[in-house]
Amino acid sequence: MSFDIPQLAEITIDDLEALGTGAGILGTGGGGNPRIGRLRLQTLFEDEEYPDSVKLVSPKDLPADATVASVGGMGAPTISVEKFPKGDEDYKSLRAIESFSGETVDAIIPGEIGGANSMAPLCVAAMADLPVVDGDGMGRAFPELQMDTFFIYGSPVNYAATTDERGNQVVYKDIDSAKRLEDLARAITVQMGGRSGYAFPLMTGEFISQYAIPHTVSLATELGRTVERAREQGDDPVKAGRELLGGKDLFEGKVVDVHRRNRDGFAMGSVTLSGLDDDSRLEIEFQNEFLIARADDDQVLTTVPDLICIVDNDTGAPVMTDALRYGQRVRVLGVPAPELLTTPEALDVIGPEAFGYELAYEPLPRGETGW
Amino acid sequence: MTDYRIGIDVGGTNTDAVVMNSDDDLLAKTKTPTTEDITTGILNALDVVLDDSGVSEEELEYVMLGTTHATNAITERRGLNEVGVIRIGAPATQSIRPLLEWPDDLADAIGNNVAILDGGHEFDGRTLNNIDEEEIREQVREFADVDAFAVTSVFSPVRDDHEKRVTEIIREEIGDDVPISVSNEIGSVGLLERENATALNAALTNVAEEAATAFVDAMDERGIDANLYFGQNDGTLMSVDYAIRYPIFTVASGPSNSVRGAAYLSEVENGIIVDVGGTTTDVGAVTEGFPRESSVAVEIGEVKTNFRMPDIIAIGIGGGSIVDTEGEVTVGPQSVGYKLTEKAKCFGGDVLTATDLEVAAGTIDIGPETPDVDQSTVEAAREYVRERVEREVDRMKTSAEPVPVVIVGGGSILVPDEIEGASEVYKPDHYEVANAVGVAIAQVSGEVDRIYSLDEMSREEAIQSAKDEATDNALAAGADEDSVDIVDVEEVPLSYLPGNAVRIKVKAAGALDH
């Protein structure tokens, strides 16, 4: 199954705005704002020292023995907007796992296309003059690193590194589980001041071609473009985006209540929406990302791993959990998750129960296109 | 008796003034055209209301001014300072330079002098990097010719030591007179937006000082020995000295004054305010008597900023809006603006404006002529305006419940008395000068917006500490001790941090100390 979208050969400065918008929508409320990454990439593209585009390679076109690594930023989104990167943290982490393993990385893949980490791999690729795989490990955003398809489908946690802006590098080798790496790297990141650039693990082209969610860099860019185009032409941008994603309108209404609580460093809470012309309600629970959508009769409409995207009713722009506020007029889209996220082994890690809800995953109906 | 006060609001089209007594009764009001130099218009308005009220210059205790000097300077790139923009935070933040997102002509207008130097703090107050005093001195000497400095240090809302030290070094190197804007006094967490707001503020100090001096001189000339205040974005007042140091806080004072004035005149403490001016209509919300604050980054001159701004939606409909009768009847966004008395049909001109329709319908009597417009066009235009206003009113609401809607401003006649979604529609007495009333009755406030680590104190202690500090700030700004109240407390947890950091925003406000 695939989406009916053009597969991009490269990303240039003209794609960044669209990619940012699309990555924001796929971020399902979390994943961090792509803006900082977009400005960093814009700066690199405008710098004569670096190339002015990054090549994309389809997962299917990777040589089976190619070496691929995922890179990005780890930490609190609130910190990233205040203490943004020096610019070489993730790049240094990539070099660190290369020197520890003695291997040379041939291509870079985003760990999560949703949110800020859509941009960092492109920055590292521009700095290292490497291609980026047109795909990722989530097709959306999730709060923890063991939740990407690479680890769900058994990539060993062979090498990993986190680096801070001072150049301090911590390298991890042969960690017994991805969840352990998450815990270790998160603790180190806090010590590094709440944000680090990471690289992990080393994977083969063959593995990526099987387990990466394909063409999500192109999808995010096309999604952003579709929304922007509709906006410019006076069409309904939300409808245009929903149709591209093969999603469903879950609700249209206004934010009437937001509950937040901070547990173990996660932005948890719920948002209640009310219909514009009637008293119908929708409640969405979030843990950094939107996870469960319930109608007013407590009927569960959508659960993780299906995507619950809240977008501005007029502009189609993504609304993140930290930007939710009373009175916003929004539409809620439900998008069927990539098939790789819906298998029993995936649901063990990213299904409703993995997030503490006693609910079974009831998939949204799939259309003709998808992922 | 010296307890009268004058509120003056300078708008794009009109300068409005009111005289009020200590019981907040309105004694006189006027609407006079805004002049290009602004000050002449202010004096004209002042003369009219003093004359009408019979209050003498000596009897004035306060004069409050809401002005658009700063906004105009930004949009017109006029009179802006050359600014040395210093960011303290290297090695972090070097991937994005200051002013990157600014329009080129605006960045050029402030000189494009930027530097990223060592220093800054972490979210929990630890040192990110030490500052390098010699590096700072060298940079400051390199910027010796700038008119003003903007200093922004990473996580200065948590710890401002580095911004303080850089300020001292600039004083040592350049002297005591150069204006320095420091970011922790201007914006909140979000380095680029805070840095932008700080740089804009630094760019405006000269414009602000000229405006303030002109205002003070004009008062002196009239023999007015009153306390002078400027209206600011949150609907409260600031002293002249403060306005010169923080001109960025005046850029949205107009709409905020209208919200406050409308709430006061209608006695609606919670509701939606519609202010119909000459060119635009501002729709805002009033919460407990104060303008609701915007929670998203607000753009000023196409630059994203994150300091306190009212939540306002502007639509292109006003008294001077041009009416298009080709095909479906539409009103605005094109407007004759301040040239209404020259171009509108009711003044003998040849442009059909929204005002002309009401003159034709006989609801108002303005100008020497009565334009000939058929009733169906008037009805269609009214319906168009009603639909646009209803849509924005609905967007500002926080629930489906009907809420009170207050219509103010010189163009109020354009908005019908029945609005869908309104529990009641008010057009209070003196609606046309609500903005001048708003600044005349304004209070003084103090604010705190800071990140607290809950490892060292409880949540309640952190909130109390913020409340105490906000109250102290309000008292320092001139508030009367007995009337100071906490008017807003907001708490924003910071995600992904096990250290339990929380951002707390508190505002206190009180009446002027008599």
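Remember, predicted model here, so these are calculated numbers, not experimental data. (Residues numbered from 1 in each chain as written. Chains lettered and ligands numbered in written order. Predicted model: local features only at pLDDT ≥ 70, side-chain atom pairs only at ≥ 80, totals over all residues.)

## Comments concerning the interface of chain A and chain B
Here's step 1: Counting residues at the interface gives 36 residues for chain A, matched by 32 residues for chain B.
Here's step 2: For the side of chain A that touches chain B, the secondary-structure elements that each account for two or more residues are helix H2 (35-46), helix H3 (77-80), strand E11 (248-263) and strand E12 (266-275) of chain A.
Here's step 3: Looking at which element gives the most residues to the side of chain A that touches chain B, the answer is H2(A), with four residues. (Contact = placed C-beta atoms within 7 Å. Helix = DSSP H or I, 4+ residues; strand = E, 2+ residues; numbered from the N terminus.)

## So, the UniProt feature "domain: Hydantoinase/oxoprolinase N-terminal" (unreviewed entry) in chain B
Here's step 1: With numbering aligned to this structure, UniProt lists the feature "domain: Hydantoinase/oxoprolinase N-terminal" (unreviewed entry) at residues 5-174 of chain B.
Here's step 2: Within the segment residues 5-174 of chain B, helix and strand shares are 31% and 28% respectively, and the terminal C-alpha atoms sit 40 Å apart. (UniProt positions renumbered as here; feature names shortened; annotations may be inferred.)

## Quick look at the domain arrangement of chain B
When the parts of a complex come together, some accessible area is lost, and that lost area is often used as the size of the interface.
Here's step 1: Split by domain assignment, chain B resolves into domain 1 (79-206), domain 2 (314-433) and domain 3 (443-510).
Here's step 2: Computed over C-alpha atoms only, the centres of domain 2 of chain B and domain 3 of chain B are separated by 42 Å. (Domains from an automatic or database assignment.)

## Points about the pairing of strand E23 (residues 501-510) of chain B
Residue and element names in this part refer to chain B.
Here's step 1: Among the 10 residues of E23, seven are classified as buried, and the element is accordingly described as predominantly covered.
Here's step 2: Across 10 bridges, the pairing between strand E21 (residues 444-453) and E23 is antiparallel. By the bridge assignment for E23, Asp449 is matched with Lys505. (Buried ≥ 20, exposed ≤ 12 C-beta atoms within 10 Å, placed from the backbone. Pairing = 2+ DSSP bridges.)

## So, the packing of helix H9 (residues 216-233) of chain A against helix H10 (residues 237-245) of chain A
All names here are of chain A.
Here's step 1: Where H9 contacts H10, the two axes come as close as 8 Å, and the packing angle between them is 150°. The orientation of H9 relative to H10 falls into the category roughly antiparallel. Note on packing geometry: the crossing formed by H9 with H10 is right-handed. Contacts from Glu222, Leu223, Thr226, Val227, Ala230 and Arg231 of H9 reach H10 at Pro237, Ala240, Gly241, Leu244 and Leu245.
Here's step 2: Taken together, the residues of the contact of H9 with H10 break down into seven nonpolar, two polar and two charged. (Axes fitted to C-alpha atoms, helices over the stretch in contact; angles between N-to-C directions. Parallel < 35°, antiparallel > 145°, perpendicular 65-115°, else oblique. Left-handed = near helix turned anticlockwise from the far one by under 90°. Nonpolar A, V, L, I, M, F, W, Y, C, P; charged D, E, K, R; others polar.)

## Considering the UniProt feature "domain: Hydantoinase A/oxoprolinase" (unreviewed entry) in chain B
Here's step 1: Using the residue numbers shown here, the UniProt feature "domain: Hydantoinase A/oxoprolinase" (unreviewed entry) corresponds to residues 194-382 of chain B.
Here's step 2: Annotation note: span residues 194-382 of chain B, helix share 36%, strand share 23%, distance between end C-alpha atoms 42 Å.

## Details of the sheet that holds strand E5 (residues 83-90) of chain B
Residues and elements named next belong to chain B.
Here's step 1: In spatial order, the strands read E6-E5-E7-E8; together these four strands make up an open sheet with parallel pairing. Each edge of the open sheet is held by one strand with a lone partner, namely strand E6 (113-118) and strand E8 (180-182). Ignoring which end each strand starts from, the neighbouring axes of this sheet average 20° apart.
Here's step 2: In terms of strand pairing, strand E7 (residues 148-153) meets E8 through three bridges, oriented parallel. Counted as the bridge partner of Val151 is Val182 from E8.
Here's step 3: Sheet contacts for helix H4 (residues 133-142): E5 and E6; angle to E6, the most-contacted strand, approximately 175°.
Here's step 4: In the packing of helix H5 (residues 161-174) onto the sheet, the strands contacted are E5, E7 and E8, and the crossing angle to E7 comes to about 155°.

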